[in-house]
Amino acid sequence: QVQLVESGGGLVQAGGSLRLSCVVSENILRFNVMGWYRQAPGKQHEEVAIISAGGDTDYTDSVKGRFTIFRDNDKNTVTLQMNSLKPEDTAVYFCNCPVTWSMRTEMTFPWGQGTQVTVSS
C-alpha cells in the first residue's frame, strides 16, 4: 500500500515561512499529478497546489505568489514552500494524488494524518 507522509508544519507568525514535505513510498513518476491540500476546522478539504510530472503547476487564488509547489521525482517527494503566511492559511495540510489533472477532486489515496500549520496574527 502506498504511503504518503507529510511533515514540516508548525506554528509561525504572520509573514513567516514554512516548508512542507511529502514523502511517497513508491516512485512518484507512477502518478502524473501530485498535490497539496488543506482542511481548516469545520471545512472541507481544499486544493492548494498541484503539479504534474512534467512540472506544470496550478494554485488556488489565495496562495498565488506566496506558495510554490515542486516535486523531486528521484527522491519521491513533493514539497510546498509557503511564504508570507497569513492567519487564514491555518489548517491541516495533506498531500495526495488526484486521479487526473481534470479529475482533480477525486483522490487516489485515502487522506493521511497531514501536518498542522498554525499562523498567528
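Just above, that's the structure.
Notes on the structure follow. Counting from 1, residues in each chain are numbered in the order their sequence is written. For a predicted model such as this one, the threshold for reporting local features is a pLDDT of at least 70, and the threshold for listing and counting side-chain atom pairs is 80 or more; totals across whole chains, interfaces and linings nevertheless cover every residue. Only heavy atoms go into the side-chain values, all of them from the structure, while hydrogens and water stay out.

1. Notes on the sheet that holds strand 4 (residues 33-39)
Each pair of strands is called paired provided DSSP finds at least two bridges between the two strands. Helix and strand definitions here come from DSSP, where helices need a minimum of 4 consecutive H or I residues and strands a minimum of 2 consecutive E residues; each element is numbered from the N-terminal end. Read across the sheet, six strands follow the order 2-10-9-4-5-6 without closing on themselves; strand pairing throughout is mixed. Each edge of the open sheet is held by one strand with a lone partner, namely strand 2 (10-13) and strand 6 (57-59). Here the average twist between neighbouring strands, direction ignored, is 20°. Where strand 4 lies against strand 5 (residues 46-52), six bridges are found, and the strand directions are antiparallel. Each bridged residue has a counterpart across the sheet, and for Tyr37 the counterpart in strand 5 is Glu47. In this analysis an axis means a line fitted to C-alpha atoms, helices contributing only their contacting stretch, and an angle means the value between N-to-C directions, from 0 to 180 degrees.

2. Let's talk about the side chain of Glu6
Here Glu6 lies in strand 1 (residues 4-7). To sort residues, take the accessible area from a 1.4 Å probe on protein chains only and compare it with the maximum for the residue type: under 20% means buried, over 50% means exposed, and anything in between is partly exposed. His is not counted here, nor are the chain ends, while Lys and Arg score as positive and Asp and Glu score as negative. Counted as salt bridges are all cases of a side-chain nitrogen of Lys or Arg within 4 Å of a carboxyl oxygen of Asp or Glu. Buried and without a salt bridge, Glu6 has Arg38 as its closest oppositely charged side chain, separated by 14 Å. At 3.0 Å, the side chain of Glu6 forms a polar contact with the backbone nitrogen of Cys95. Here a polar contact means two N or O atoms within 3.5 Å. Within protein one must be a hydrogen donor candidate and the other an acceptor candidate, and residues neighboring in sequence count only if both atoms are side-chain atoms. Looking at Glu6, its side chain comes within polar contact range of the main-chain nitrogen of Gly114, at 3.2 Å.

3. Overview of the pattern of salt bridges
For side chains bearing opposite charge, pairing can occur when the charged atoms are close. Per the stated rule, a full pass over the model turns up seven salt bridges. A salt bridge links Glu26 to Arg30; the nearest nitrogen and oxygen atoms lie 1.8 Å apart. Accessibility expressed as a relative area gives 26% for Glu26, which makes it partly exposed. Residue classification places Arg30 among the exposed residues on the basis of a relative accessible area of 55%.

4. Points about the pairing of strand 5
Along strand 5, five of the seven residues are buried, which leaves the element largely enclosed by surrounding structure. By the bridge criterion, three bridges tie strand 5 to strand 6 in an arrangement that is antiparallel. Looking at strand 6, one finds that Ile50 is bridged to Asp58. If you look at the hairpin formed by strand 5 and strand 6, you'll find four residues sitting between the two strands, and Gly55 has a positive phi there, around 100°.

5. Here's the deal with the pairing of strand 9 (residues 91-96)
Taking burial as the measure, the six residues of strand 9 include five buried ones, the bulk of the element. As paired elements, strand 4 and strand 9 share five bridges and run antiparallel to each other. Across the sheet, the residue bridging to Tyr37 is Phe94, located in strand 9. Both strand 9 and strand 10 (residues 115-120) contribute to a ladder of three bridges, which runs antiparallel.

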